[in-house]
Amino acid sequence: NNYLGGNISCSYSNTQGIYNCLLLINNPHSLEFSLIEGEHVAGFGDEDVSEVSAWSQVTPNLPYVLCKQFTNLNNLMIIASGVQFLTPKSFEFCHNLEEVAILLNHLVEIPANLFQNSPKLRFTNFDLNEIEVIDESAFSGTENSLQVASFVTNAISTLPFGQV
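Peer 1: Help me understand the overall build of the chain, please; the structure alone is not making it clear to me.
Peer 2: In terms of regular secondary structure, the chain is built from one helix and ten strands. Scanning the chain from its N terminus toward the C terminus, one meets helices and strands in the order β-β-β-β-α-β-β-β-β-β-β. Taking 164 residues into account, the globule formula puts the C-alpha radius of gyration at 15 Å, and the chain, at 15 Å, falls close to it. The buried share of the chain, reckoned over its 164 residues, is 43%. When contacts within the chain are restricted to residue pairs at least 6 apart in sequence, long-range pairs at least 24 apart make up 65% of them. Entry remark: accessible area of the chain is about 8000 Å², with carbon and sulfur atoms responsible for 51%.

Structure (structure tokens):
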């Protein structure tokens, strides 16, 4: 979709049984979008997308349309794309999300209730950001699923669990 000052689309591929969206996003004004455009591989649709990845794109936020449109999304990877903030709305529709990697961006905080609607989340990687604060309830809702939460090379001084 072309909005004032932003657009979002996917280049789709089916590799080794994984239907992927290579996300192309130019969103300098932190817009939300109603539709991710792109032409699907024949025989596939939005419900088949299990992985979304983006490298070197432009988006200070993570638009909630990702999980709203791709309801079976399992793996989300956003690398070096200028992400500055996340909100619970970013993951509101991410009911099937299992892995999240938001690396080499500019996040400063992991807010409260970020993953409250992601009960299957097993793995998160927030390495190489500028995170200073992780809210104590950021991972509420994932108590029975989360196995790894990585925060290598950030600016965290205190963990919500009382560990440094």
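So that's the structure; there's more coming.
Peer 1: Please clarify how the environment of E39 should be interpreted in this entry.
Peer 2: If you trace the backbone, E39 turns up in the loop between β3 (18–26) and β4 (51–55). Residue classification places E39 among the exposed positions, given a relative accessible area of 72%. Separated by 114 residues in the primary sequence, E39 and T153 place their C-alpha atoms 37 Å from one another.

Peer 1: Sorry, what's going on with the side chain of S150 here?
Peer 2: Mapped onto the elements of the fold, S150 is located in strand β10 (residues 148–150). Beyond its immediate chain neighbours, meaning those up to four positions away, S150 contacts T124, N125, F126 and D127.

Peer 1: Can you walk me through the nonpolar core in this structure?
Peer 2: A general feature of soluble globular proteins is that nonpolar side chains tend to end up buried together. Residues L23, F91, I102 and F126 are the most contacted members of the largest nonpolar core, which totals 38 residues. If you list the elements that add at least two residues to this core, you get β2 (6–15), β3, β4, α1 (65–69), β5 (75–79) and β6 (99–103). Per element, the largest residue contribution to this core is four residues, and it comes from β3. Contacts of F126, omitting those with residues within four sequence positions, involve L86, I102, L107, I110, F115, I131, F139, S150, F151 and N154.

Peer 1: So what exactly am I meant to see when it comes to the state of the cysteines here?
Peer 2: Here, the word disulfide means a covalent bond between the sulfur atoms of two cysteines. Going through the model one piece at a time under the given rule, you end up with two disulfides. What pairs with C10 in a disulfide is C21, and their sulfur atoms sit 1.8 Å apart. Between C10 and C21 the disulfide shows an S-S torsion of about -70 degrees. By sign, it is left-handed. In this pair, C10 is assigned in strand β2 and C21 in strand β3, connecting sequence segments eleven residues apart. Residues C10 and C21 agree in their burial class; the two are buried.

So, how was this worked out
- Residues numbered from 1 in each chain as written.
- Predicted model: local features only at pLDDT ≥ 70, side-chain atom pairs only at ≥ 80, totals over all residues.
- Heavy atoms only, no water.
- Helix = DSSP H or I, 4+ residues; strand = E, 2+ residues; numbered from the N terminus.
- Rg over C-alpha atoms; globule rule 2.2 N^0.38 Å.
- Buried < 20%, exposed > 50% of the residue type's maximum accessible area, 1.4 Å probe, protein only.
- Contact = heavy atoms within 4.5 Å.
- Areas by Shrake-Rupley, 256 points an atom, 1.4 Å probe, with all protein chains shown as cover.
- Core = buried A, V, L, I, M, F, W, Y, C linked by side-chain atoms within 4.5 Å.
- Disulfide = S-S within 2.5 Å.

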